[in-house]
There are 2 protein chains.
Amino acid sequence: MGPAGVTTGSARPLRADAARNREKLLAAARDMFDEAGTDVSLEEVARRAGVGVGTLYRNFPTRIELIEQVYRHNVDELCASGDRLRAALPPSEALEAWLLEFVAYAASKRGLAGALRSALGDGASTVFADVHEKLQTSGSALLGAAQAEGTVRTDVETMDVLRAVSGVCVAAGDSKDPAASRLPLRLVLDGLRYQPAP
Amino acid sequence: MGPAGVTTGSARPLRADAARNREKLLAAARDMFDEAGTDVSLEEVARRAGVGVGTLYRNFPTRIELIEQVYRHNVDELCASGDRLRAALPPSEALEAWLLEFVAYAASKRGLAGALRSALGDGASTVFADVHEKLQTSGSALLGAAQAEGTVRTDVETMDVLRAVSGVCVAAGDSKDPAASRLPLRLVLDGLRYQPAP
DNA sequence: GAACTATACGGAGGCTCCCTCCGTTTAGCA
DNA sequence: TGCTAAACGGAGGGAGCCTCCGTATAGTTC
């Protein structure tokens, strides 16, 4: 599941240049959504990606489709990063590093998920189910390893942790300052290390 | 507070033609918002009102201002209708007739209030406070009269009734069919007539 | 490595919408 | 009846949406 050979469903794989452009579009869109919300001009998105509008519309026929793909893309990147961290760091450090990245994801998620929900209505439920499942899988791998190693308490489950972390973000409000959630987040992370008496 | 001499704040009253056009714009906007949401083209609103766009923008410099005024206008009309009903019908019938009109208001309110809240943020709170107070006043006059007459139970307050009625609407969902809420609404209205043992 | 074709590119163009500006019209007054 | 402040309205410039189609190129075949 590297950045190459992106396939949407099971159709014929994209041509190399097409895959590259698609990636550039998603990156540009993600940046702009973060900065200015999901109402930005699609022509501007194409311009920033260094691509014609035609290419944008070929890949993402509607604005909401672009939003959905950016959302899924963010999640995929977050999960891929989880795998990388798991391979590179000791379990409890990998978990902590991943949760820090999860914070950034949670911040951007708000706008995207809101737009999706209001535009797609109940049709958005499969998107959210997919995302939930992916996070569950990646999170469990990290949490499980740390728990097996004995450096993280065993009485919590993946979704408890993710909820706690995203709760911190919500509580930190819309403040764009990442420092605002630094300390509360620290508390949650340290809480994971605490071993309750049996 | 008739339809003439509309004043926004305490400025000089509008010229007759201006007041007429303002009214036409509000009516057109209300219809279109009901039909197609608050994202409709403002040029189309002006067209339907039989007025130039310039006139629209002079009266409502921003879309959100138009939405807010339509919202307030709906409420004002509902309250005015309450006065009329109270003068024309026996108290309990007036109350019931008014609550039926309240249903229509509650349906349209959803879209408008949502747009206001998301666009104005906390700035919208005075709008909602004003509206709340007006409904409280009109509702109390009708309910109080019916209670004084003895045809409606005395252990409920205005906001209880309004909440119950709008609850019915919400529960009826987005179904545009007014029949969907007819029976549940009937239950609430009949419930008002029931006299609990003391 | 040359030729071929399915695939993809990109931006011009037609449309709608936004909002402003200003010459024209008219309500209200004396 | 005339005067003037107030209001009208729509042309026009700018921007965004989306489509269409002539051009370019990746990948394949010989």
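Note that the structure is a prediction, hence the values are computed from the model and not measured.

What counts as what
- Residues numbered from 1 in each chain as written.
- Chains lettered and ligands numbered in written order.
- Predicted model: local features only at pLDDT ≥ 70, side-chain atom pairs only at ≥ 80, totals over all residues.
- Heavy atoms only, no water.
- Helix = DSSP H or I, 4+ residues; strand = E, 2+ residues; numbered from the N terminus.
- Expected span 1.5 Å × (residues − 1).
- Buried < 20%, exposed > 50% of the residue type's maximum accessible area, 1.4 Å probe, protein only.
- Contact = heavy atoms within 4.5 Å.
- Near = heavy atom within 4 Å.
- Polar contact = N/O pair within 3.5 Å; in protein donor to acceptor, adjacent residues only side chain to side chain.
- Nonpolar A, V, L, I, M, F, W, Y, C, P; charged D, E, K, R; others polar.
- Salt bridge = Lys/Arg side-chain N within 4 Å of Asp/Glu carboxyl O.
- UniProt positions renumbered as here; feature names shortened; annotations may be inferred.

Enquirer: Mind showing me how you'd approach helix α7 (residues 158-171) of chain B here?
Expert: The α-helix winds at 3.6 residues per turn, so residues separated by three or four positions along the chain end up facing the same way. All names here are of chain B. Here α7 spans 20 Å end to end across 14 residues, near enough to the 20 Å set by a 1.5 Å rise per residue. The set of residues buried in α7 consists of Thr158, Met159, Val161, Leu162, Val165, Val168 and Cys169. Check the buried side of α7 and you find it contacts α5 (91-120), α6 (125-149) and α8 (182-193).

Enquirer: Help me understand the protein's contact with DNA strand C, please; the structure alone is not making it clear to me.
Expert: Close to DNA strand C lie 21 residues, the nearest being Arg12(A), Arg15(A), Asn21(A), Arg58(A) and Ala16(B). Taken together, the sugar and phosphate atoms account for 62% of what DNA strand C places within 4 Å of the protein. Taking Gly52(A), its main chain carries an N or O atom lying 3.3 Å from a phosphate oxygen of DNA strand C. Elements with a minimum of two residues in the surface near DNA strand C: α1 (16-36) and α3 (53-59) of chain A together with α1 (16-36), α2 (42-49) and α3 (53-59) of chain B. In terms of residue count, the dominant contributor to the surface near DNA strand C is α3(A) (four residues).

Enquirer: I tried to follow the protein's contact with DNA strand D on my own but got confused; where do I start?
Expert: For DNA strand D, the set of nearby residues contains 20 residues, the closest of which are Leu42(A), Arg63(A), Arg15(B), Asn21(B) and Arg58(B). Per the 4 Å cut-off to the protein, sugar and phosphate atoms form 64% of the nearby atoms of DNA strand D. Between DNA strand D and Glu43(A), the relevant distance is 3.0 Å, taken from a base nitrogen to a side-chain nitrogen or oxygen of the residue. At a separation of 2.6 Å, a phosphate oxygen of DNA strand D approaches a polar side-chain atom of Asn21(B). Looking at the surface near DNA strand D, the elements that each hand over two or more residues are α1 and α2 (42-49) of chain A together with α1 and α3 of chain B. Per element, the largest residue contribution to the surface near DNA strand D is four residues, and it comes from α3(B). For the surface near DNA strand D, the class distribution of residues is seven nonpolar, five polar and eight charged.

Enquirer: Just checking my understanding: could you explain the pattern of salt bridges for this structure?
Expert: Working definition: two side chains of opposite charge can pair if their charged atoms are close together. Residues and elements named next belong to chain B. Inspection of every chain in the model, using the stated rule, returns 26 salt bridges over all chains. Where Asp83 meets Arg86, a salt bridge forms, and the shortest distance between an N and an O atom there is 3.2 Å. Taken together, the positions of Asp83 and Arg86, both in helix α4 (residues 63-88) and three residues apart, correspond to about one turn of that helix. Assessed through its relative accessible area of 37%, Arg86 is described here as partly exposed. One salt bridge in this structure joins Glu96 and Arg193, with 3.1 Å as the shortest N-O distance. One end of the pair, Glu96, is in helix α5; the other, Arg193, is in helix α8, and 97 residues separate them in sequence. Judged by relative accessible area, which is 17%, Glu96 ranks as buried. A residue is classified by how much of its surface remains accessible, and Arg193, at 34% relative accessible area, is partly exposed.

Enquirer: How should I be thinking about the UniProt feature "DNA-binding region" (unreviewed entry) in chain A in this particular structure?
Expert: The sites that carry the UniProt feature "DNA-binding region" (unreviewed entry) are, in the present numbering, residues 41-60 of chain A. Secondary structure across residues 41-60 of chain A divides into 75% helix and 0% strand, with the first and last C-alpha atoms of the span separated by 14 Å.

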